[in-house]
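A look at the structure
Given next are the chains, with one letter for each unit.
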Amino acid sequence: MFNFDEVIDRRGSWSTQWDFVADRFGVPDLLPFTISDMDFQTAPAVRDALAQRLAHGVLGYSRWQHDDFLSACCHWMSSRFHYQPDPDSLVYGPSVIYMVAQMVRHWSAPDDEVVLHTPAYDAFYKTVRGNQRQVLEMPLHYREGRWHCDMAALERRLARPRCKILLLCSPHNPTGKVWTAAELQQMAALCARYDVRVISDEIHMDLVIGSQPHLPWGRVARSDWALFTSASKSFNVPGLTGAWGIIPQAADRAAWFQALKNADGLSSPAVLAVAAHIAAYRHGAPWLDALRGYLKGNLAQVAERLNAAFPALRWQIPEATYLAWLDFRALGVSEEALQQALIQQRVAIMPGSTYGSAGSGFLRLNVGCPRSKVDEGLTRLMAAVRSLPL
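This structure is a prediction, so every number in the text was calculated from the model and none was measured. (Residues numbered from 1 in each chain as written. Predicted model: local features only at pLDDT ≥ 70, side-chain atom pairs only at ≥ 80, totals over all residues. Heavy atoms only, no water.)

1. A closer look at the overall build of the protein chain
Helix and strand content of the protein chain: 13 helices and 13 strands. Here the C-alpha atoms of the protein chain give a radius of gyration of 21 Å, agreeing with the 21 Å that 2.2 N^0.38 yields for 390 residues. The C-alpha extent of the protein chain, read off along each of the three principal axes, is 60 × 55 × 35 Å. Classification of the 390 residues of the protein chain by burial places 55% in the buried group. Of the contacts made within the protein chain by residues no fewer than 6 positions apart, 75% connect residues no fewer than 24 positions apart. Approximately 16300 Å² of the protein chain is accessible, and the part contributed by carbon and sulfur atoms is 50%. (Helix = DSSP H or I, 4+ residues; strand = E, 2+ residues; numbered from the N terminus. Rg over C-alpha atoms; globule rule 2.2 N^0.38 Å. Buried < 20%, exposed > 50% of the residue type's maximum accessible area, 1.4 Å probe, protein only. Contact = heavy atoms within 4.5 Å. Areas by Shrake-Rupley, 256 points an atom, 1.4 Å probe, with all protein chains shown as cover.)

2. Some thoughts on the pattern of salt bridges
Within the structure shown, the criterion is met by 17 salt bridges. Across the pair Arg10 and Asp39 runs a salt bridge whose closest N-O atoms are separated by 2.8 Å. Of this pair, Arg10 sits in the segment before α1 (16-19) while Asp39 sits in the loop between β1 (31-33) and α3 (44-56), placing them 29 residues apart in sequence. Residues Glu376 and Arg380 are paired through a salt bridge, measuring 2.8 Å at the closest nitrogen-oxygen approach. Here the residue Glu376 and the residue Arg380 both occupy positions in helix α13 (residues 371-386), the gap between them amounting to four residues, near one helical turn. (Salt bridge = Lys/Arg side-chain N within 4 Å of Asp/Glu carboxyl O.)

3. Concerning the sheet that holds β1
Read across the sheet, four strands follow the order β1-β12-β13-β11 without closing on themselves; strand pairing throughout is mixed. The open sheet has two edge strands with one neighbour each: β1 and β11 (323-327). Pairwise comparison of adjacent strand axes, ignoring direction, gives a mean angle of 35° for this sheet. Taken together, the five bridges between β11 and strand β13 (residues 362-366) define a ladder with antiparallel strand orientation. Opposite Leu323, over in β13, you have Asn366 as the bridge partner. On the sheet, helix α12 (residues 335-344) packs against β12 (347-351) and β13 and is oriented at approximately 160° with respect to β12. With respect to the sheet, α13 is in contact with β1, β11, β12 and β13, its orientation differing from that of β1 by roughly 100°. (Pairing = 2+ DSSP bridges. Axes fitted to C-alpha atoms, helices over the stretch in contact; angles between N-to-C directions.)

4. Section: helix α7 (residues 151-158)
Note on helix geometry: an α-helix contains 3.6 residues per turn, so any two residues three or four positions apart are oriented the same way. All buried positions along α7 are accounted for by Met151, Ala153, Leu154 and Leu158. Angular distribution of buried residues about the axis of α7 spans 155°; they occupy a single face of the element. Among the structural elements, β3 (113-118), β4 (134-139), β7 (163-169) and α8 (181-193) are those in contact with the buried residues of α7. Where α7 begins, the side chain of Asp150 points an oxygen toward the backbone nitrogen of Ala152, at a separation of 3.1 Å. (Arc of directions from axis to C-beta. Polar contact = N/O pair within 3.5 Å; in protein donor to acceptor, adjacent residues only side chain to side chain.)

5. Here's the deal with the packing of helix α11 (residues 285-309) against α13
In contact at an axis separation of 10 Å, α11 and α13 are set at 25° when each is read in the N-to-C sense. The pairing of α11 with α13 is recorded here as roughly parallel in orientation. Crossing of α11 against α13: the hand is right-handed. Between α11, through Tyr294, Gly297, Asn298, Gln301, Val302, Arg305, Leu306 and Ala309, and α13, the contact on the second element is made entirely by Arg371, Val374, Asp375, Leu378, Thr379, Leu381, Met382 and Arg386. Here the contact of α11 with α13 is composed, by residue class, of eight nonpolar, four polar and four charged. (Parallel < 35°, antiparallel > 145°, perpendicular 65-115°, else oblique. Left-handed = near helix turned anticlockwise from the far one by under 90°. Nonpolar A, V, L, I, M, F, W, Y, C, P; charged D, E, K, R; others polar.)

6. Re the packing of helix α4 (residues 67-81) against helix α10 (residues 271-283)
Viewed as axis vectors pointing N to C, α4 and α10 meet at an angle of 40°, and their least axial separation amounts to 9 Å. By the angle between their directions, the pair α4 and α10 is classed as oblique. Crossing angle aside, the handedness with which α4 passes α10 is left-handed. Every residue of α10 that contacts α4 at Asp68, Phe69, Ser71, Ala72, Cys73, His75 and Trp76 is listed here: Val274, His277, Ile278, Ala280, Tyr281 and Arg282. Among the residues forming the contact of α4 with α10, the class breakdown is eight nonpolar, three polar and two charged.

7. Description of the sheet that holds β7
Across the sheet, seven strands lie side by side as β2-β10-β9-β8-β7-β3-β4; this open sheet has mixed pairing. Each end of this open sheet is capped by a strand with a single partner; those strands are β2 (90-93) and β4. Going from strand to strand, the sheet's axes swing by 25° on average, the running direction of each strand aside. Of the pairings in the sheet, the one linking β7 to strand β8 (residues 197-201) comprises five bridges and is parallel in character. Looking across to β8, one finds that Leu168 is bridged to Ser200. Sheet contacts for helix α6 (residues 122-130): β3, β4, β7 and β8; angle to β4, the most-contacted strand, approximately 145°. Sheet contacts for helix α9 (residues 250-263): β2 and β9 (225-229); angle to β2, the most-contacted strand, approximately 20°.

8. Some words on the side chain of Thr34
On the secondary structure map, Thr34 appears in the loop between β1 and α3. Judged by relative accessible area, Thr34 falls into the buried class, the value being 4%. Sequence-distant contacts of Thr34, defined by excluding residues within four places in its chain, comprise Gln17, Phe25, Ala348, Ile349, Met350, Arg364 and Asn366.

9. Focus on the environment of Ser79
With respect to the helices and strands, the residue Ser79 is situated in helix α4. Ser79 sits 38 residues away from His117 along the chain, and the two C-alpha atoms are 29 Å apart. Side-chain polar atoms of Ser79 contact the backbone oxygen of His75, separated by 2.8 Å.

This is how it looks when you write it as structure tokens:
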């Protein structure tokens, strides 16, 4: 019913991924697999809702604290994740990373420490350090086909006197790890023991493609917490801006609204973003489920072709996201040489070091695109690797 094979030309649309690839790679007109948005049109239900708003013609100031929006968010969490948030606990913001930054400022002071599981989304590093806080890295380790967190090592970090926040990415970007209930419960107990607050970025919650289900942090929380998410990744509408979340503690919500409305002057949401969220959460599930199946096929294609060409990689598809976290360390190629070879093949793929020192030797390949583009990118990637001395 949905044609994800359709190729849509995004060039000339002010696309960060396509039109501004030279900003990151120094060279224009590369075939990009970089910024984490997709090359698909958003769900028909979302496009229809936006068309109706545009046909109305008046795009004035709007609100999000009404039943249409709140009930749609609660319905989505209940129907997809068996979690029923209190509508009064919901908050809204322009983006998940803005909301993360706001809570980092609220729950910590300059020079306090924030724990990140690494490799980590590069904006996390920038947000923590940009607010004069210290990143406390907690490296994940890959064994037996899954990414694991050393809980004893995590406890040592959480026990540090200046550690105030665990910034959790769930599901995890860039590894695609979906945290198990046991892992989340253990982290919740440790955070409660050491009075560490939790900010859970769950923007990839809708993009689980494996058998391990996503569990919202609110179902395991034992200390103060905030959960932030958006339809932007799963329904490919990040250009509309808009995100939402859950802050169950009334005092923290009051501080949130004080900062949002008064300190930062963000009292009115983008009306098209509100409309898109409502349509996605009320009517977009069939499209999303079809998308997840297609993305799983893309990732399977990556595994099949790369492992056939380079058996030493033994790469397995992730549990979530449309981001293939590719480990090239077994081939012994340097990141710098590989990036130069990729550019010579006219393809842009994010180097792993973008996501911290724990990402050195990896590539992050965005497969949120038609399979024909995935295949062309793989052909260029394999040619780049073969051009290097192995």
